[in-house]
Amino acid sequence: MKRKPGTVYYEAEERAPSPSKAATLSAGDVVGGHYVIEELIDEGGMAVVYRATNSATGRACALKVLHAQLGDRAEFVHLFAKEAKVSSVIGDSAHIVQVYDAGLDADRGIPFIVMELLEGETLERVLERGPLAPRLARTLLEQLATALDHAHEVGVVHRDLKPSNLFVTTDRHGQPRLKVMDFGIAKVLEGEALRTATHIGTPAYNAPEQMGSTTRKLAAKQGITIAPGVSPATDVWALGLIVYEMLTGEIPGRYWGVETLSELPMKVAFEELAPASQRAGRNAPLLPAGFDAWFSRCLAKNAEERFPTAGEAIGQLLQLLADDVHEVTDEDLEGVSTRLHSSPVPTADQARTRVKSVQSAKGSIKTPSSNTSEPPPLPRISSPAITVTPRADDSDQHAAVTTPPPVVRSETTTTRRNDPGGSRWGLAFAGLALVAGVAGAVAYERSQKATAAATCIQDGNTAECESACQSGNVASCAELGFQIAATDAEHARGLLEKACGVAPVADTAALRAWTVKVESAGCVEGQCVAAACVELAAMHEQGRGGALQSARAASSLYKRTCRVGLDDKPRGSEGCVGLGAERERAGEIEAARQFYAAACEDGISEGCVDLAHILERGNGEWRDEKRARELYQKACDGGDLKGCTRLGSMVERGRGGWVKDEKAAVDLYRKACDGGQQLGCVHLAAAHAVGRGGVTKDSVRAAELLSAACEAGELSACPGLAEMVMGAQGGLSRDEKRAFELNKRACEGGAMAGCANLATMYAEGQAGLTKNDSEAQALADRACRGGDARGCLVQAKLLKDKSPAELTEVMERACEGGELSACSEVAEGIEQQESPDLHRAVTLYTQACDGGVLRACTNLANLQYQGQGGLERDAKRSVALNEKACDGGDLVGCTRLGLLYALGHGVDKDLTRAKELHVKACAEAPSDPGDAKRCEMLGSMTAEDDEKDE
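Residues numbered from 1 in each chain as written. Predicted model: local features only at pLDDT ≥ 70, side-chain atom pairs only at ≥ 80, totals over all residues. Heavy atoms only, no water.

K.L.:
Teacher, can you tell me more about the overall build of the protein here?
P.N.:
Helix and strand content of the protein: 39 helices and 11 strands. Within the protein, the fraction of its 950 residues that count as buried is 55%. Long-range contacts, defined here as pairs at least 24 residues apart, represent 63% of the contacts in the protein between residues at least 6 apart. (Helix = DSSP H or I, 4+ residues; strand = E, 2+ residues; numbered from the N terminus. Buried < 20%, exposed > 50% of the residue type's maximum accessible area, 1.4 Å probe, protein only. Contact = heavy atoms within 4.5 Å.)

See below:
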């Protein structure tokens, strides 16, 4: 059937289209009867795109033709032609490239598609110059969601979403506009198509369901569910990767970290995904808080667990970006719009910046020498790009230049960032939880100017300081604000706003514009005191002094005082600690680590202490107890009392190269507590509760310390106090409702021990609560993942009916968090494996036994007796370990000790002693078969001796 030139591609039912014999087209050639070629625009793997003109209408257009070398293969001709058909199914959309016409040029045998002509460049080219400006990213993502939802609603799945298939142009008003291109391999979801997954698309963006049936079957054997067919969720997978690249400026496909395409199926279908913030490396601070969880849902292997629509996915992402707001000005946006028409080839400076950015993203933070210059900054970003390289000259970078030694402000005048931890009397606070809400003024060091201004306050007379402030001396405003913060918070807030150089914000309606202005200027010396901005941020977090209670406002103030991207305005690093705490609270530890490192490199003691805390309890990638100890020691020696507390915790546990010394640890806690550092008081209370480290056991004193610390805002004290209330200890009356409120306050503030306690209360129906296992499970999981060891134990109890693998994972976390009983249980599990790692079991048993877990001592004694796990066979040592366990009340240890006495192994044979131990251990028949057998054996051996006596 002959086709009329210029009609939408029509395929006769009786035959396939003739294969193309096309050669390269030249300017002036006519295709389809009236499309005149002007010039080559672009060339891809399947087709070539030319600029052309419709000779009948004079309208410019883009003409897409199949590559000549593919024209002999009918399957590619069909695939190419399908794009026009799919476009007719989708219909008109402002954010999908319009197809005007399609057909087959009869003279040349060329299949062609005629599309709207766009001016601009692909998103892939745009990203070559780095991350997108936040406002531009939001605009393009909203448009992409609109396009995808439109296609999905009519049953079309793109299946090949990637930056090179997204085109960025501008509308007639000069505003950015995104267009989705290339629906050539799109799947129309009708009939059998929904249940069929064809391995087609671009591998780096392919979802698991696009990997084929073999991959799906192999995954099923490993308990991994992969959908049998494509769906809108297939595009959501690719969307997650594209968003990651838009926000970080990462090279397309780099997220997977593979060198060859053959590695991709394993990564995509079988391996656990690395958190986006971890993959982003140095660029992790560009991602908003909460991005890891969002990204993980987009890339769930089971399509049913992903966001159901692109619109819902982008909607949640935009909320994260709003909460982590970092706007650009209209002038900035105008510059971005201009950039869309610029050459896709970056300048030499841009190229160097890009290379350095990519290189630094590959590794973790290292401490460079002091003469290393700072690398070029990243392009516009959503939050500060952090580097720990020292600056050669800080004179123009700080509003409040630090001068050693650090001056740590007393907590009586400001509320510090809470540092919640597990209040466990039996532990040495090894499981201190994630740092909670960014509370207030971090330890700061005043500039020479601010220190000099202190002389304006003499004998409590603040008039001179007030006068200097009114005259424009911002250092005087800051000093006075600090002095009166505890007694007149509202006046202090006004003074701190002057010192920070920001206007007050009255309501949420004005917040967005305020945040833009606050962040854009930086903290310029003479106009801004960084420490004042940090203190003001604390006020906004807590709603003190009439400040609008807003985490967004606080975040903007932190960003004002933490150096940023392309910005050459001085910001200092004081605010980096606050930003680090924000990220840590969101569980984005890698990003938090970089912020803390930046502050630490600039001499901010609080940053060093928080960095050390991450290094102390970090995963294998960056765990470094020795370095953590050094940082704590340096901070403590410099007067940072929080550093003394943390140092004491390591000394008490014998970590980081220290010899375990409880007395020295308690001395450090007392020093910190006496100086007003409330976390030190919490640790000191723990020592009094059990009577260790040379202090007298005194539950009343413990309760007093915890009550004062909790009331002062140290949330890690509240769960411990709640436990004492529940147990009616320290002179306190049992009050379940009060305990609930204390735990709730702690949990909501980020103290994971409070969440663990709440989980127990919900599981057991305490404080008048209805038993709720799902709520208990959610709280326990939050606590466990947040670093609270007992939260993991609570979770393990709630997971009793789950798989052994899940239980093992939870118990491993509990052990890593310092719950030594969990270490013993993990070791027992190792012993039961087919090929047990007994060396590791010995390590875990030793750790637990040294910490007072008696069953661990018994099990370690058994391995010592048998000479397993790298231990020498030593019956005498086994006797000592069983003796320790038995004396502490472990009856299994008593039974084994009795057997050793009966046999005379490692000790002189003594059947009388063996009988005593049999009576002690076996008076009540053990329920465990193994224990019962040992009792029977010991009883038999002692009975034989009785018969001999007769």
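K.L.:
How should I be thinking about the pattern of salt bridges in this particular structure?
P.N.:
Oppositely charged side chains can pair when the atoms bearing their charge come close. Throughout the structure, instances matching the rule amount to 24 salt bridges. Across the pair Arg913 and Glu916 runs a salt bridge, and its minimum N-O distance is 3.4 Å. Residue Arg913 and its partner Glu916 are located together in helix α38 (residues 911-922), separated by 3 residues, close to a single helical turn. With relative accessibility at 45%, the residue Glu916 sits in the partly exposed group. (Salt bridge = Lys/Arg side-chain N within 4 Å of Asp/Glu carboxyl O.)

K.L.:
Quick question: what am I supposed to make of the state of the cysteines here?
P.N.:
The full count for this structure, using the stated rule, is 14 disulfides. Across a sulfur-sulfur distance of 2.1 Å, Cys500 and Cys533 are joined as a disulfide pair. When the S-S torsion is 105°, as for the bridge of Cys500 with Cys533, the disulfide is right-handed. One end of the pair, Cys500, is in helix α15 (residues 489-500); the other, Cys533, is in helix α17 (residues 530-542), with 33 residues separating them in the sequence. Residue Cys500 is classed as buried on the basis of its relative accessible area of 0%. Owing to a relative accessible area of 0%, Cys533 belongs among the buried residues under this scheme. Residue pairing for Cys747: its cysteine sulfur links by disulfide to Cys755, the two sulfurs lying 2.1 Å apart. Negative torsions about the S-S bond denote left-handed disulfides, and the value of about 95° found for Cys747 with Cys755 makes this one right-handed. With relative accessibility at 0%, the residue Cys755 sits in the buried group. (Disulfide = S-S within 2.5 Å.)

K.L.:
Would you mind showing me how to read the packing of aromatic side chains here?
P.N.:
Aromatic ring pairs are reported here in terms of the distance separating the ring centres and the angle at which the planes meet. Using the criterion set out here, one finds 10 aromatic pairs in the structure. Taken together, a centroid distance of 5.8 Å and an interplanar angle of 45° make the contact between Tyr244 and Phe295 tilted. You can see Tyr244 sitting in helix α5 (residues 232-248) and its partner Phe295 sitting in helix α8 (residues 291-298), a full 51 residues away along the chain. Of the two residues, Tyr244 and Phe295, both sit in the buried class. A centroid spacing of 5.0 Å and a plane angle of 75° characterise the contact between Tyr255 and Trp256, whose relative ring orientation is edge-to-face. For the pair shown, Tyr255 and Trp256 are each scored as buried. Sitting over the ring of Tyr255, Arg279 keeps its end group 5.6 Å from the ring centre. Lying over the aromatic face of Trp658, Arg629 brings its terminal NZ or CZ to 5.6 Å of the ring centre. (Phe/Tyr/Trp six-rings, centres within 6.5 Å; stacked < 30°, edge-to-face > 60°. Lys NZ or Arg CZ within 6 Å of the ring centre and 35° of its normal.)

K.L.:
Would you explain the packing of helix α29 (residues 752-764) against helix α31 (residues 789-798) in this entry?
P.N.:
Geometrically, a packed helix pair is captured by the angle between its two axes and the distance between the axes. Two elements in contact, α29 and α31, have axes whose closest approach is 8 Å; the angle formed by their N-to-C orientations is 25°. What the angle tells us is that α29 and α31 run roughly parallel. Here α29 runs over α31; the crossing is left-handed. Residues Ala756, Asn757, Ala759, Thr760 and Ala763 of α29 pack against Arg790, Gly791, Val794 and Leu798 of α31. Taken together, the residues of the contact of α29 with α31 break down into 5 nonpolar, 3 polar and 1 charged. (Axes fitted to C-alpha atoms, helices over the stretch in contact; angles between N-to-C directions. Parallel < 35°, antiparallel > 145°, perpendicular 65-115°, else oblique. Left-handed = near helix turned anticlockwise from the far one by under 90°. Nonpolar A, V, L, I, M, F, W, Y, C, P; charged D, E, K, R; others polar.)

K.L.:
When you look at the sheet that holds strand β7 (residues 121-122) in this model, what are you seeing that I'm missing?
P.N.:
The pairing of strands in a sheet comes from backbone hydrogen bonds and takes either a parallel or an antiparallel form. What the 3 strands build is an open sheet, ordered β7-β9-β10; its pairing is antiparallel. Where the open sheet ends on each side, the last strands, each with one partner, are β7 and β10 (176-180). Here helix α3 (residues 134-153) sits on the sheet in contact with β9 (166-170) and β10, set at roughly 35° to β10. (Pairing = 2+ DSSP bridges.)

K.L.:
Even after reading the chapter, I still don't get the nonpolar core, so can you show me in this structure?
P.N.:
It is characteristic of soluble globular proteins that their nonpolar side chains tend to be buried jointly. Grouped together as the largest cluster of nonpolar side chains are 113 residues, with contacts concentrated most on Trp514 and Leu557. Non-local contacts of Trp514, meaning those with residues more than four positions away in its chain, are made with Val502, Ala503, Pro504, Val505, His540, Ala553, Ser556 and Leu557. One finds Leu140, Val168, Ala207 and Leu247 within the second-largest nonpolar core, a separate group that totals 61 residues. (Core = buried A, V, L, I, M, F, W, Y, C linked by side-chain atoms within 4.5 Å.)

K.L.:
I would appreciate a short explanation of helix α34 (residues 838-850) in the present structure.
P.N.:
For an α-helix the count is 3.6 residues per turn, leaving residues at separations of three or four pointing the same way. The end-to-end C-alpha distance of α34, which contains 13 residues, comes to 18 Å, matching closely the 18 Å that a straight helix rising 1.5 Å per residue would cover. Of the positions making up α34, those classed as buried are Leu838, Ala841, Val842, Leu844, Tyr845, Ala848 and Cys849. On the buried face of α34, the contacting elements are α32 (804-816), α33 (820-831), α35 (854-866) and α36 (875-888). Directly after α34, the chain includes Gly852, whose backbone phi takes a positive value near 100°. (Expected span 1.5 Å × (residues − 1).)

K.L.:
Help me understand the packing of α35 against α36, please; the structure alone is not making it clear to me.
P.N.:
Close contact between α35 and α36 brings their axes to 8 Å; oriented N to C, the two are set at 165°. With respect to each other, α35 and α36 are oriented roughly antiparallel. Remark: the crossing between α35 and α36 carries left-handed chirality. Judged by residue contacts, Leu854, Cys857, Thr858, Leu860, Ala861, Gln864 and Tyr865 of α35 engage Ala875, Arg877, Ser878, Leu881, Asn882, Lys884, Ala885 and Gly888 from α36.

K.L.:
How should unusual backbone geometry be read in this particular structure?
P.N.:
Where the residue is not glycine, phi is negative for most of them; where a peptide bond is considered, it is trans in most cases. For Ala728, which is not a glycine, the phi torsion comes out positive at approximately 50°. Note that Ala728 resides in the loop between α27 (717-726) and α28 (736-748). The residue Ala767 is not glycine, and still its phi comes out positive at about 55°. Along the chain, the position of Ala767 falls in the loop between α29 and α30 (773-785).

K.L.:
Sorry, what's going on with helix α23 (residues 641-653) here?
P.N.:
Helix length check: α23, at 13 residues, gives a terminal C-alpha distance of 19 Å against a target of 18 Å (1.5 Å per residue), a fit within 8%. Sitting at the head of α23, Asp640 places a side-chain oxygen 3.0 Å from the backbone nitrogen of Lys642. Where α23 ends, the next residue or the one after it, Gly654, has phi of about 70°, a positive value. (Polar contact = N/O pair within 3.5 Å; in protein donor to acceptor, adjacent residues only side chain to side chain.)

K.L.:
So what exactly am I meant to see when it comes to the sheet that holds strand β3 (residues 47-54) here?
P.N.:
Here we have 6 strands laid out as an open sheet, ordered β1-β2-β3-β4-β6-β5, and antiparallel in their pairing. At either end of the open sheet lies a strand with only one pairing partner, and these are β1 (30-31) and β5 (99-105). Pairing of β5 with strand β6 (residues 110-115), which is carried by 6 bridges, proceeds in the antiparallel orientation. Residue Ala102 lies in a different strand from β6, and its bridge partner there is Ile113.

K.L.:
What is the right way to read the pairing of β10 from this model?
P.N.:
Looking along a regular strand, one sees side chains alternate from face to face of the sheet. Burial within β10 is extensive, with 4 of its 5 residues counted as buried. By the bridge criterion, 5 bridges tie β9 to β10 in an arrangement that is antiparallel. Residue pairing in the sheet places Phe167 in a bridge with Lys179 of β10. Taking the residues that link successive antiparallel strands as the turn, the β9-β10 hairpin has 5 residues, and the phi of Gly174 there is positive, at about 85°.

K.L.:
So what exactly am I meant to see when it comes to the pairing of β9 here?
P.N.:
Burial analysis of β9 places 4 of its 5 residues in the buried class, which makes it a mostly covered element. Sheet topology places β7 next to β9; 2 bridges connect them, and they run antiparallel. Note on β9: the bridge partner recorded for Thr122 is Phe167.

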